[in-house]
Amino acid sequence: MSMAVETTLILCKPDAVSRGLVGEIVSRLERRGYVIVAMHMMQLDGERARRHYQEHDGKPFFADLVSFITSGPLVALAVEGEGTIEGCRQLIGATDPLRAAPGSVRADFAQTIGRNLVHASDSPASAKRELEIFFKDSDYMSRRHDLERWIKG
Ligand code: IDP
Ligand code: MG
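Just so you know, the residues in each chain are numbered from 1, in the order the chain's sequence is written. Lettering for chains starts from A, numbering for ligands starts from 1, and both go in the order in which the items are written. Given that this is a predicted model, residues contribute local features only at a pLDDT of at least 70 and side-chain atom pairs are listed and counted only at 80 or more, while totals for whole chains, interfaces and linings are drawn from all residues. Where side-chain values are given, they derive from all heavy atoms of the structure, hydrogens and water being excluded.

A.B. asks: If you had to explain the pattern of salt bridges to someone new, which residues and values would you point to?
C.D. replies: Throughout this description, the term salt bridge denotes a Lys or Arg side-chain nitrogen within 4 Å of a carboxyl oxygen of Asp or Glu. Applying the stated rule across the entire model yields five salt bridges. When the shortest N-O distance is used, the salt bridge between Lys128 and Glu132 registers 3.0 Å. Of the two residues, Lys128 and Glu132 are both situated in helix α7 (residues 124-134); the distance of four residues between them amounts to about one turn of the helix. With respect to burial, Lys128 and Glu132 carry one shared label: exposed. Linking Asp139 and Lys136 is a salt bridge whose minimum nitrogen-to-oxygen distance equals 3.2 Å. Among the charged side chains, a network of salt bridges with common partners joins Glu24, Arg28 and Asp108. A run of H or I in DSSP becomes a helix once it reaches four residues, and a run of E becomes a strand once it reaches two; helices and strands are each numbered from the N terminus. For the exposure calls, accessible area comes from a 1.4 Å probe over protein chains only, and a residue counts as buried if that area is under 20% of its type's maximum, exposed if over 50%, partly exposed in between.

A.B. asks: Quick one: what's the story with the environment of Tyr140, residue by residue and with numbers?
C.D. replies: For Tyr140, the position within the fold is in the loop between α7 and α8 (143-152). Residue Tyr140 is classed as partly exposed on the basis of its relative accessible area, which comes to 28%. For the pair Tyr140 and Val37, spaced 103 residues apart in sequence, the C-alpha separation works out to 5.5 Å. Among all residues touching Tyr140, those that are not within four sequence positions of it are Val37, Ala38, Ala78, Leu131 and Phe135. Residues are treated as being in contact if the distance between any of their heavy atoms lies within 4.5 Å.

A.B. asks: Hey, could you go over the sheet that holds strand β3 (residues 74-82) for me, with residue numbers and the actual values?
C.D. replies: Taken in spatial order, the four strands line up as β2-β3-β1-β4 in an open sheet, and their pairing is antiparallel. Two strands in the sheet have a free side with no partner beyond their single neighbour: β2 (35-42) and β4 (118-120). Adjacent strand axes in the sheet meet at a mean angle of 20°, parallel and antiparallel pairs treated alike. Whether two strands pair depends on DSSP finding at least two bridges between them. Taken together, the three bridges between strand β1 (residues 5-12) and β4 define a ladder with antiparallel strand orientation. Paired with Cys12 across the strands is Val118, a residue of β4. All axes here are fitted lines through C-alpha atoms, helices being fitted over the stretch that makes contact, and every angle between N-to-C directions spans 0 to 180 degrees. Along the sheet, α7 makes contact with β1, β2, β3 and β4, crossing β1 at roughly 55°.

A.B. asks: Explain the pairing of β1 to me, using residue names and the numbers behind them.
C.D. replies: Looking along a regular strand, one sees the side chains alternate between the two faces of the sheet. By the bridge criterion, eight bridges tie β1 to β3 in an arrangement that is antiparallel. Residue pairing across strands places Thr7 opposite Glu80, the latter belonging to β3.

A.B. asks: Describe in detail the site of ligand 1, supporting the description with residues and values.
C.D. replies: Lys13, Tyr53, His56, Phe61, Leu65, Arg89, Thr95, Arg106, Ile113 and Asn116 make up every residue found near ligand 1. Polar contact is defined as a pair of N or O atoms within 3.5 Å, subject to the rule that within protein one atom must be able to donate a hydrogen and the other to accept it, and that residues adjacent in sequence are counted only when both atoms are side-chain atoms. The separation between an oxygen atom of ligand 1 and a polar side-chain atom of Thr95 is 2.5 Å. To measure how exposed things are, a 1.4 Å probe is used in the Shrake-Rupley method; for residues, cover is taken only from the protein chains shown. Notes on ligand 1: free accessible area 520 Å², of which the protein chains cover 76%. Side-chain classes follow a simple rule in which Ala, Val, Leu, Ile, Met, Phe, Trp, Tyr, Cys and Pro form the nonpolar group, Asp, Glu, Lys and Arg form the charged group, and the remainder, Gly included, forms the polar group. Residue classes in the shell around ligand 1 are distributed as four nonpolar, three polar and three charged. One heavy atom within 4 Å of a molecule or strand is enough for the residue carrying it to be called near that molecule or strand.

A.B. asks: I'd love a proper account of α7, names of residues and values included.
C.D. replies: What α7 keeps buried is the set Ser126, Ala127, Glu130, Leu131, Ile133 and Phe134. In a view along the axis of α7, the buried residues occupy a sector of 150°, so they form one face of it. Exposed residues lying more than 90 degrees from the buried face of α7 are Pro124, Ala125, Lys128 and Glu132. Packed against the buried residues of α7 are β1, β2, α3 (46-52), β3, α5 (84-92) and β4. This arc is built from the directions going out from the helix axis to the C-beta atoms.

This is how it looks when you write it as structure tokens:
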């Protein structure tokens, strides 16, 4: 079976940063074999938060969601690998931690849907749209360049 190399957006949300779980989350991505190609810590403003979560505009939890995601620093990552979009969704688990598969980030570390620690894009179209909100072209480090440096020493 051949799958495409994809890039997806991961956010370690403000609860992950304040609980000291960024390393745990990043470590799980790395152990799965995914490659971090861009990463930064930032605090979102309301405009960017609403753009990121635009599909939820109008839902009852939207205001709380925007207020939470802007409440403190988060860590944004662009993560590359084979079938990474679906793979990262699997790794983080279902939106509601009570429904998340055991062994997933949300099942292992979260209790409630409103504080579920991590975001991962849910489709190729979402990944493309969301990555553009967080990263510009020059933010991306080339995976090939990194491998060549290790080989040459
Ligand atoms: P996802 O993060 O698993 O993709 P979405 O349905 O896209 O889930 O929702 C985005 C975020 O909004 C969720 O991660 C969660 O924090 C929050 N959220 C979703 N549904 C609810 C809800 O019914 N009540 C409160 N917060 C919710
Ligand atoms: Mg979503």
